[in-house]
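Structural description and commentary
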Amino acid sequence: MRNNKVRSYAVILAASTLLLAGCSSSSDDAAGGAYAGPVQDTPGTINVLAWPGYAEDGTTDPNVDWVTPFEKETGCTVNVKTYGTSDEAVQLMQAGGYDVVSASGDASLRLIYGGDLQPVNLDLIPNYADVFDNLKDRPWNTVDGKNYGVPHGRGANVLQYTLGKVKEPSSWSIVWEPNSPAKGKITAYDSAIYIADAAVYLMSTKPELGIKDPYALDQTQFDAAMALLKQQKPLIAEYWSDYTKYVGAVQSGSITAGTSWQVIANVLNGTKATVGATKPKEGATGWSDTWMISSKTEAIDCAYKWLNHIITPSVNAQAAEYFGEAPSNSKACALTANKDHCKLYHAEETDYWSDVYYWKTPTEACLDGRTDVKCLPYAEWVKAWSSFRNS
Amino acid sequence: MSSVKEILNRKPTLRAASLLSLPLLWLGVIYIGSLFALFITSIWKIDTFTSKIIREFTLENFIDVFTDRAYFNVTIRTLFVAICVTIICAVIAIPMAFFIARIAREKSRAVLIALLITPLWASYLVKIYAWRTMFYPESGFINWLISPIGGSSPGFGIFAVIIGLTYLWLPYMILPIYAGMEKLPSSLLDASSDLGAKSGRTFFSVILPITWPAIIAGSIFTFSLSMGDYITVQILGGTFQMLGNVVYQNFSLNLPFAAAVALIPVIIMMIYLSSIRKSGALDNL
Amino acid sequence: MKISLTARILLWGVMGFGFTFIYLPLVLVVINSFNKNTSFAWPPTGFTTSWWGKAAVNEGVRDAITRSAVVALSATFIALILGSLAAAAIARYKFFGREVISLLFVLPIALPGIVTGIALNNVFTNFLGQLTIFTIIVGHATFCIVVVFNNVAARYRRLGASLEEASMDLGANRFTTYRLITFPLLRSALLAGGLLAFALSFDEIIVTTFTAGAGQNTLPIWIFQNLFRPNQAPIVNVVAAALIIVSIVPIYLSQRLTQEKVN
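By convention here, each chain's residues receive numbers from 1 onward along its written sequence. Just so you know, chain letters begin at A and ligand numbers begin at 1, following the order they were written in. The predicted origin of the model limits local features to residues at a pLDDT of at least 70 and limits the giving and counting of side-chain atom pairs to 80 or more, whereas totals for whole chains, interfaces and linings rest on all residues. Calculation of side-chain values draws on the structure's entire complement of heavy atoms; hydrogens and water are dropped beforehand.

1. Quick notes on the overall build of chain B
To qualify as a helix, a DSSP run of H or I must reach at least 4 residues; to qualify as a strand, a run of E must reach at least 2; elements of each kind are numbered from the N terminus. A count of helices and strands for chain B gives 13 helices and 2 strands. Here the C-alpha atoms of chain B give a radius of gyration of 24 Å, more than 25% beyond the 19 Å that 2.2 N^0.38 yields for 285 residues. Considering only C-alpha atoms, chain B reaches an extent of 80 × 70 × 30 Å along its principal axes. Going through the 285 residues of chain B one by one, you find that 58% of them count as buried. Computed by Shrake-Rupley with a 1.4 Å probe, the accessible areas treat only the displayed protein chains as cover when residues are assessed. Summed over its atoms, the accessible surface of chain B is roughly 11,700 Å², and 67% of this surface lies on carbon and sulfur atoms. Working convention for charge: Lys and Arg count positive, Asp and Glu count negative, and His plus the chain ends are omitted. Here the site of a charge means atom NZ of a Lys, CZ of an Arg, CG of an Asp or CD of a Glu. If the 20 positive side-chain charges of chain B are averaged to one point and the 13 negative ones to another, these points end up 8 Å apart. With C-alpha atoms as the basis for the radius of gyration, the globule rule is written as 2.2 Å multiplied by the number of residues raised to the power 0.38. Using a 1.4 Å probe on the protein chains alone, a residue whose accessible area is under 20% of its type maximum counts as buried, one over 50% counts as exposed, and one in between counts as partly exposed.

2. Details of the nonpolar core
The set of buried Ala, Val, Leu, Ile, Met, Phe, Trp, Tyr and Cys residues whose side-chain atoms join them within 4.5 Å is what this entry labels a nonpolar core. Judged by nonpolar contacts, the single largest core of 183 residues is most densely connected at M181 of chain B together with W222 of chain C. Ranked by residue count, the leading element in this core is helix α4 (residues 69-103) of chain B, at 17 residues. Here, residues are in contact when the closest pair of their heavy atoms is within 4.5 Å. Dropping the residues within four chain positions of it, W222 of chain C is found in contact with N58, G60, V61, A64, N217, I235, V236 and V239 of chain C.

3. So, the confidence of the model for chain C
Residue and element names in this part refer to chain C. The score called pLDDT rates the predictor's confidence residue by residue, from a low of 0 to a high of 100. Confidence in the prediction for chain C averages 85 pLDDT; 97% of positions are at 70 or higher. Averaged pLDDT values over the elements of chain C bottom out at 77 in helix α12 (residues 233-262) and peak at 91 in helix α1 (residues 5-32). Both confidence scores are given for the complex: pTM 0.86, ipTM 0.87.

4. A word on the environment of F95 of chain C
Looking at the element boundaries, F95 of chain C is found in the loop between α3 (59-92) and α4 (98-104). For F95 of chain C, a relative accessible area of 15% translates into the label buried. For the pair F95 of chain C and V236 of chain C, spaced 141 residues apart in the sequence, the C-alpha separation amounts to 50 Å. The residues touching F95 of chain C, leaving out its near neighbours within four places in the chain, are T13, A16 and L20 of chain B together with A89, I90 and I101 of chain C.

5. Here we look at the packing of aromatic side chains
Pairing of aromatic rings covers Phe, Tyr and Trp, the last through its six-membered ring, and needs centres within 6.5 Å; plane angles under 30 degrees mean stacked, over 60 mean edge-to-face, and all others mean tilted. Scanning the entire structure with this criterion turns up 51 aromatic pairs over all chains. Summarising the aromatic geometry, the rings of Y54 of chain A and W291 of chain A are spaced 6.5 Å apart at their centres and angled 50° between planes, so their arrangement reads as tilted. Taken together, the residues Y54 of chain A in the loop between β1 (45-50) and α2 (68-74) and W291 of chain A in strand β13 (residues 284-294) connect sequence positions 237 residues apart. Between Y178 of chain C and F183 of chain C, the ring centres sit 6.2 Å apart and the planes meet at 45°, which makes this aromatic pair tilted. For Y178 of chain C, a relative accessible area of 33% corresponds to the partly exposed category. The class of F183 of chain C is partly exposed, set by a relative accessible area of 31%. Any Lys NZ or Arg CZ found within 6 Å of a ring centre and within 35 degrees of that ring's normal is scored as a charge over the ring. The ring of Y352 of chain A has K279 of chain A lying over it, and the distance from NZ or CZ to the ring centre is 4.3 Å.

6. Some words on the side chain of D355 of chain A
All names here are of chain A. In this fold, D355 is placed in the loop between α12 (341-344) and β15 (356-358). Accessibility expressed as a relative area gives 19% for D355, which makes it buried. Two N or O atoms form a polar contact when they lie within 3.5 Å of each other; inside protein one atom must be a possible hydrogen donor and the other a possible acceptor, and for residues adjacent in sequence the pair counts only when both atoms belong to side chains. A polar side-chain atom of D355 sits 2.3 Å from a polar atom in the side chain of K279. In this structure, D355 is in contact with K279, K281, E282, G283 and A284, ignoring residues within four places of it in sequence.

7. Focus on the sheet that holds strand β11 (residues 257-260) of chain A
Residue and element names in this part refer to chain A. In spatial order, the strands read β10-β9-β11-β8-β12; together these 5 strands make up an open sheet with mixed pairing. The open sheet is flanked by β10 (236-240) and β12 (275-278), the only strands paired with a single partner. Neighbour-to-neighbour, the strand axes of this sheet turn through a mean angle of 25°, independent of strand direction. Strands pair, by our definition, only if DSSP identifies at least two bridges between them. Examined bridge by bridge, strand β8 (residues 158-162) and β11 share 4 bridges and lie antiparallel to one another. Bridging across to β11, V158 finds its partner in S260. Lines fitted to C-alpha atoms define the axes, with helix axes restricted to the stretch in contact, and inter-axis angles between N-to-C directions lie between 0 and 180 degrees.

8. Concerning the pairing of strand β9 (residues 186-189) of chain A
Residues and elements named next belong to chain A. Judged by which residues are buried, β9 turns out to be covered on both faces: I186 and A188 on one side and T187 and Y189 on the other are all buried. Bridge count between β9 and β10: 4 bridges; the pairing is parallel. By the bridge assignment, T187 is partnered in β10 with E238. Of the strand pairs in this sheet, β9 and β11 are connected by 2 bridges, and their pairing is parallel. Bridging from a neighbouring strand, T187 pairs with G258 of β11.

9. Structural notes on the environment of K136 of chain A
Residues and elements named next belong to chain A. Mapped onto the elements, K136 comes out in the loop between β4 (117-118) and β5 (142-143). With 41 residues separating them in the primary sequence, K136 and E177 have C-alpha atoms 39 Å apart. Residues within four places of K136 in sequence aside, it is in contact with Y128, A129 and V131. A polar contact is formed between the side chain of K136 and the backbone oxygen of A129, at a distance of 3.3 Å.

10. Thoughts on the environment of I9 of chain C
Position of I9 of chain C relative to the elements: it lies in helix α1. Sequence separation of I9 of chain C and R92 of chain C is 83 residues, and the distance between their C-alpha atoms is 45 Å.

11. Points about the state of the cysteines
Here, a disulfide means two cysteine sulfur atoms that sit within 2.5 Å of each other. In total, this model carries 3 disulfides over all chains according to the counting rule given. Across the disulfide from C366 of chain A sits C375 of chain A; the S-S distance is 2.0 Å. Classification of the bridge connecting C366 of chain A and C375 of chain A rests on its S-S torsion, roughly 105°, and on that basis the disulfide is right-handed. The structure places no disulfide on C89 of chain B, whose sulfur is separated from the nearest cysteine sulfur, that of C84 of chain B, by 11 Å.

12. Looking at a nonpolar patch on the surface
To count toward a patch, a residue needs a relative accessible area over 30% and no salt bridge; like charges are then connected within 9 Å, while nonpolar side chains (Val, Leu, Ile, Met, Phe, Trp, Tyr) are connected within 5 Å. Any carboxyl oxygen of Asp or Glu within 4 Å of a side-chain nitrogen of Lys or Arg constitutes a salt bridge here. On the surface, L22, L25 and V29 of chain B cluster together into a nonpolar patch covering about 300 Å² of accessible area. Note on placement: L22 of chain B falls in helix α2 (residues 12-40).

13. Quick word on the interface of chain A and chain B
Listed as interface residues are 32 residues of chain A and, on the opposing side, 30 residues of chain B. By definition, the buried area sums, over both parts, the 1.4 Å-probe accessible area that each loses when the two are put together. Both faces considered, chain A and chain B share a buried interface measuring about 2,600 Å² in area, 52% of it formed by carbon and sulfur atoms. On the surface where chain A and chain B come into contact, there are 4 salt bridges. Between E238 of chain A and R132 of chain B there is a salt bridge, with its nearest N and O atoms 2.8 Å apart. Run the count over chain A and chain B and you get 15 residue pairs in polar contact (both at pLDDT 80 or more). Counting residues per element, the side of chain A that touches chain B draws most heavily on helix α13 (residues 378-390) of chain A, which supplies 7 residues. Amino acids outside the nonpolar list (Ala, Val, Leu, Ile, Met, Phe, Trp, Tyr, Cys, Pro) and the charged list (Asp, Glu, Lys, Arg) are all regarded as polar, and Gly is one of them. For the side of chain A that touches chain B, a count of residues per class yields 9 nonpolar, 13 polar and 10 charged.

14. Some points on the interface of chain B and chain C
In this complex, chain B contributes 96 residues to the contact, which on the side of chain C involves 90 residues. The junction of chain B with chain C conceals about 8,900 Å² of combined surface from both sides, 79% of it contributed by carbon and sulfur atoms. Its largest share of buried area at the contact with chain C, chain B owes to W26, Y31 and W121 of chain B, together 10% of the area lost on that side. Between chain B and chain C we count 0 salt bridges in total. Here chain B and chain C share 7 residue pairs in polar contact (both at pLDDT 80 or more) between them. In terms of residue count, α2 of chain B provides more of the side of chain B that touches chain C than any other element does, 19 residues in total. Tallied by class, residues from the side of chain B that touches chain C come to 69 nonpolar, 16 polar and 11 charged.

Written out as structure tokens, the structure reads:
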């Protein structure tokens, strides 16, 4: 009797220890295996976390919808949530509840190292084969040889200006210099990553600082960027992170120039031409986005189906055209409504992208390779930005 | 079963305890517990790359908050806005409450109060957005109204935020004061005017002191709601920020720091609450 | 009481200003729900009723309103029970720590909503794993308890204990006393508290932002997501205008009820 009791207690103890060991969250889960497949036809619901314009489901514009066809075809239900900054995306993915995310380079690595994403088995995504080669296996979506997603598209953060109120600018000076013709009606992106835009401007105006990579800033370079931002503050009407609020502000005339996304310009020009958008001579920050799968998703088949669907040439073409960016699938270029789309967005070139600095997360080890100085990690950027916004 | 009843009958404290057990469990465990869990994080730190919390003791969050001039500035600004909003609300609310309680006919009182409460049912966001459209620099209502006399919309900023918050919290100030005015014994008011006091004197010497607790009760709402607001600031503030925005911006990726900042309005409110305890305002909520 | 002429003029003036101030944005909301132009510039260039039609068939709105109603009803229900229990204890008994506990019941409203929000979010995401409709209800119930508590405790204070004591002197036990004497007297306070709690929960945005999960849209969250969208903003105004109109009658009725009981 007693032996049986002792034995059963031992079993329970062992079982609970194993259970607890399994339950303990470990950031090493990032190295966990990818889904072996094959992709089944299991119905499910996926919560998609996307940049605005990436996963349109008809609610913004009833004619713009590539989600409902997916739902009809696969039987998977899709709930789309849009976010305004990469920081928001990281926080929402960490909080949980989302199965798929379109992450820019400044969010992807944070999520991978934080254990919030799982590697993606690219053999299960037939459309991946047609993705542009120079977007495959990039450092922001591939770690230790493991791929974590499929590219969506890339673009530059453009300088937008209201036609009739501002002459076409060729330089970012219109948003940075105190004698700007649009002073008091300028906007800037409300995220610490915008410090890199200051650095990009300084690369041209203060070459003596020696900035080679706007995301690799040592203390001196960083202080110069913050000083530039302080100089800009009196010119700013509002900082933006909600693109729909930005649209309203431009329509009402309270903003006439500032950094923007092409999709915002496209929405504003929907019924009649209101704004122009350009990449000024100093270059610009930009982004290259990847669709990635959460490590905690329960609808893995629907997730894979979504990844394959979104980079289907026709869908990739629709999305890239609606947003206004270069698509990732080489076959999409033939399918865009505007035959010159890929030319307009330099999808097949390399020169255009040489002065577009894709968003990435600054680290203490300088991203430009310097080993003699320490660069500021993103956490310091956030601290400085928060202090700056409240000063 | 009957012995339990007898015990409960004999010991009033036990009766009180059994009544309180459930609500106290809720507020104590869920509310206070979660507050505690939040403020504990303020002594931890975060991984600088992944932004995940590391449970190691550190005071750097508090050092950052107290040594950075910017956070002192934003605290002062937030206090300033909260005080302005409270004063303006009180100045508008007191006469209105007095009118409804004392001058309006009894039959119209319910209508007037209903008219005051109805805006509470219009969404907070929609009301503030309406104010945003009114403040637009060129195409807004305010601009349209005052441009004939040479003025122009003040635009987004601290002034717009104060107006917006005053607008939102005005009903919360009027209702407690109205309840207080209702309880004013008319005999006192009659006595005051019989003794020769003009309306102004009666107001300051009789009405104000008696309804003071009710006014303080209303101020708890306006003060606390203004101290923590971040949405109105985002919509009407332009580049202006308040404490709520600091917490909101940092909560996602630096919870320990956000928790440290969140302590500021909590401490301010606790000081405020304990200093008004004597005035009996808490009975007037 | 004698009120001088200047005082009367002043009072009427403030009343006029006050009501204009309160209703001006609301009138604007109603006008904008008929505005042809989606940028809401003033003065409006044209009018249309199409937005009302679009709002009626909008699935997102209906889903959000239903969820808001469910949350508000649940939170109010919990609050009515817990709030009246607590009010009975605080108002009728003296015990050690009574003042501290009274203070505890003010905190959810006295402390800024964002603090409550991030505290609950922290606990829910770390210990429960997910945000669901229940986490929203828990968040709302917490401040609704305060509202009900305040109303009922105030009523207890106004009533005094004499009626209850008389009832028990006549032989009724506590439950019968509560059922026949106390509860009928408390009814309108419960109604007023309940209505206010419902209204607060229905329009709550700050705490809800932190306690609602993906796809769990209450009406304020839906409004927040669509407020600035050019094609959706007018529908938001329609919803707001409809809410105002729909709520006038129940509010008036509840006010009449409360007034009568008090008098």
